[in-house]
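Below, each chain spelled out in residue letters.
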Amino acid sequence: MANDVAIKVDNVSKTFKLPYEKNTSIKSAIVNFYKLDKGSEKQEALKDISFEVKAGEFFGIVGRNGSGKSTLLKLLAGIYSPNKGDIKINGKLTPFIELGVGFNPELTGRENVFLNGALLGFSRKEMETMYEGIVDFAEIRRFMDQKLKNYSSGMQVRLAFSIAIRAQTDILLIDEVLAVGDAAFQQKCFDYFDQIKNSDTTVVFVSHDMDAVKRFCDKAVLINNGKLQFIGKPEEAADLYIAENEEQIISNLVEDNSRSTLKQKSKQSADFSIEILNKGGLKTSSFNYGEKMLIKLRWSINLNPRPLNVGIALSHEGRIVFGSNTGQKGLKSGTNTITEEVILNLGSGKYTMIAALFDTDSLSEAYVYEPHGPEFYIRKSPGVQNWEGLTKLENKWDYEK
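Residues numbered from 1 in each chain as written. Predicted model: local features only at pLDDT ≥ 70, side-chain atom pairs only at ≥ 80, totals over all residues. Heavy atoms only, no water.

**Points about the packing of helix α4 (residues 124–138) against helix α5 (residues 153–164)**
Part 1 of the reasoning: With their axes 8 Å apart at the nearest point, α4 and α5 run at an angle of 140° to one another. As summarised for this structure, α4 and α5 are arranged oblique, according to the angle between their axes. Seen from above, α4 lies across α5 with right-handed handedness. Touching I134, F137 and A138 of α4 are R158, L159, F161, S162 and I163, all from α5. (Axes fitted to C-alpha atoms, helices over the stretch in contact; angles between N-to-C directions. Helix = DSSP H or I, 4+ residues; strand = E, 2+ residues; numbered from the N terminus. Parallel < 35°, antiparallel > 145°, perpendicular 65-115°, else oblique. Left-handed = near helix turned anticlockwise from the far one by under 90°. Contact = heavy atoms within 4.5 Å.)

**Topic: the side chain of E57**
Part 1 of the reasoning: Its place among the elements puts E57 in the loop between β2 (40–54) and β3 (58–62).
Part 2 of the reasoning: For the buried E57, no salt bridge exists, and the shortest N-O distance to an oppositely charged side chain is 4.3 Å, to K219.
Part 3 of the reasoning: In this structure the side chain of E57 is engaged in a polar contact, spanning 2.9 Å, whose partner is the backbone nitrogen of K54.
Part 4 of the reasoning: Ignoring sequence-local partners within four residues, the contact set of E57 consists of E52, T201, T202, V203, D218 and K219. (Buried < 20%, exposed > 50% of the residue type's maximum accessible area, 1.4 Å probe, protein only. Lys, Arg positive; Asp, Glu negative; His and termini not counted. Salt bridge = Lys/Arg side-chain N within 4 Å of Asp/Glu carboxyl O. Polar contact = N/O pair within 3.5 Å; in protein donor to acceptor, adjacent residues only side chain to side chain.)

**Re the environment of N345**
Part 1 of the reasoning: Residue placement: N345 occurs in the loop between β16 (334–343) and β17 (349–359).
Part 2 of the reasoning: Once residues lying within four places of it in the same chain are set aside, the contact partners of N345 are Y289, G290, L390, T391 and K392.

**With respect to unusual backbone geometry**
Part 1 of the reasoning: One non-glycine residue, E139, lies in the positive phi region at around 60°.
Part 2 of the reasoning: Turning to its location among the elements, E139 is positioned in the loop between α4 and α5.
Part 3 of the reasoning: You will see that E317, though not glycine, has its phi angle at about 55°, which is positive.
Part 4 of the reasoning: Mapped onto the fold, E317 is located in the loop between β14 (308–316) and β15 (319–325).

**Structural notes on the sheet that holds strand β5 (residues 93–96)**
Part 1 of the reasoning: An order of β5-β6-β7-β3-β8-β9 is seen for the 6 strands of this open sheet, with the pairing classed as mixed. The open sheet has two edge strands with one neighbour each: β5 and β9 (227–232). Going from strand to strand, the sheet's axes swing by 15° on average, the running direction of each strand aside.
Part 2 of the reasoning: Taken together, the 4 bridges between strand β6 (residues 171–174) and strand β7 (residues 202–206) define a ladder with parallel strand orientation. Of the residues in β7, the one forming a bridge with I174 is F205. (Pairing = 2+ DSSP bridges.)

**A look at the pattern of salt bridges**
Pairs can form between side chains of opposite charge once their charged atoms are near each other.
Part 1 of the reasoning: A complete count under the given rule lists 17 salt bridges for this structure.
Part 2 of the reasoning: Salt-bridge contacts for K8 lead to E52; the nearest nitrogen and oxygen are separated by 3.0 Å. On the criterion of sequence distance, the pair formed by K8 in strand β1 (residues 5–19) and E52 in strand β2 is long-range, its members being 44 residues apart.
Part 3 of the reasoning: Of the residues examined, K8 reaches a relative accessible area of 28% and is grouped as partly exposed.
Part 4 of the reasoning: The partner of R141 in a salt bridge is E132, and the shortest N-O contact between them spans 2.9 Å.
Part 5 of the reasoning: The class of R141 is partly exposed, set by a relative accessible area of 42%.
Part 6 of the reasoning: One network of salt bridges, with partners in common, ties together E106, K147 and K149.

**Structural notes on the packing of aromatic side chains**
Part 1 of the reasoning: All told, the structure shown has 19 aromatic pairs when counted by the stated rule.
Part 2 of the reasoning: Taking the centre distance of 5.9 Å and the plane angle of 15° together, the rings of F114 and Y131 count as stacked. Taken together, the residues F114 in helix α3 (residues 109–119) and Y131 in helix α4 connect sequence positions 17 residues apart.
Part 3 of the reasoning: Here Y131 falls in the buried class, since its relative accessible area comes to 7%.
Part 4 of the reasoning: Relative to F193, the ring of Y192 lies with its centre 6.3 Å away and its plane at 55°, an arrangement referred to as tilted. Each member of the pair, Y192 together with F193, is buried.
Part 5 of the reasoning: By the ring-pair criterion, three or more aromatic residues cluster together here, those being F58, F96, F137, F161, F185, F190, Y192, F193, F205 and F216.
Part 6 of the reasoning: Looking at R124, its charged tip hangs above the ring of F114, at a distance of 4.3 Å from the centre. (Phe/Tyr/Trp six-rings, centres within 6.5 Å; stacked < 30°, edge-to-face > 60°. Lys NZ or Arg CZ within 6 Å of the ring centre and 35° of its normal.)

Laid out in structure tokens, this is it:
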């Protein structure tokens, strides 16, 4: 292996044997032991994976849950052995891949620092020198003499990561376990990543945070159903990952919207329905940025002679991002259909439709209120990536000469 290659994965496959019958008691274990054919199935976690990681490279691994990312990381760490293929590591490797590995819950935080340090190859004297820095980084000084079993998962992550980054290592493996930490600690970890990007340390980084992958990684692979789907620029790997997730989200929305029935909070007996259509008038659950959406509302309510006002709103993660109503047009009660056209200058993500039927003269109370209408998804649009937030306002830059 060339000196500039830190990790070489050559045609690696990993298969697990899953038994059909589980032993839930001593009796079942004895009975199943004497069965000639207990029955099992093979799970191909990884299939013919090959790639190289250059020394000093920040290398990303992305993929949906169950795609094989964690299995691959455990193969790199030597926790698993491949069924086929070969893995070569050039340098000292430190894994940070699973919460609780190397920790004893019955020992204190202080005792676990020295235990974990020993597992990483440090002497007690070396750990005594590093102890204060580890505690300062973890920010859990007042808990260090408590037993680890009383720590939250976030506190354990702080301590484990603080120890791992003290290791004088050539290669650092980091799994999505960082997501357990709070936002402030994640930022602290990201600041550390900025530091080591300019060092000779090789980092293999597994994450569902595509912004972090784009920010730190020099190269990335996308794993899909145990196969290597893509290797190359982190931006492209991240976009492919997002596209995969969008397809699943949209598929789920189509299924949910087809099953859902509106449960209105109503003061009056009313038939009320909401449909989301594309510009061609077809039902859909996904749109692109800037696309036209038609919102069709139908109702039948007898409130003569009171005039009615219809309002709609779009919600993203519980926050209203857009709202409109028919104002003082004075729609008649009875049976009505009304359609609103909306241009979707919105960021990617899932949105929920909210609708209500008001008395025009009193907008404080609704005759019909539907807080959980149909949902739709805005796809990530490659042509409009250079902006942040949920909506894109009309703007222009004026440069002084």
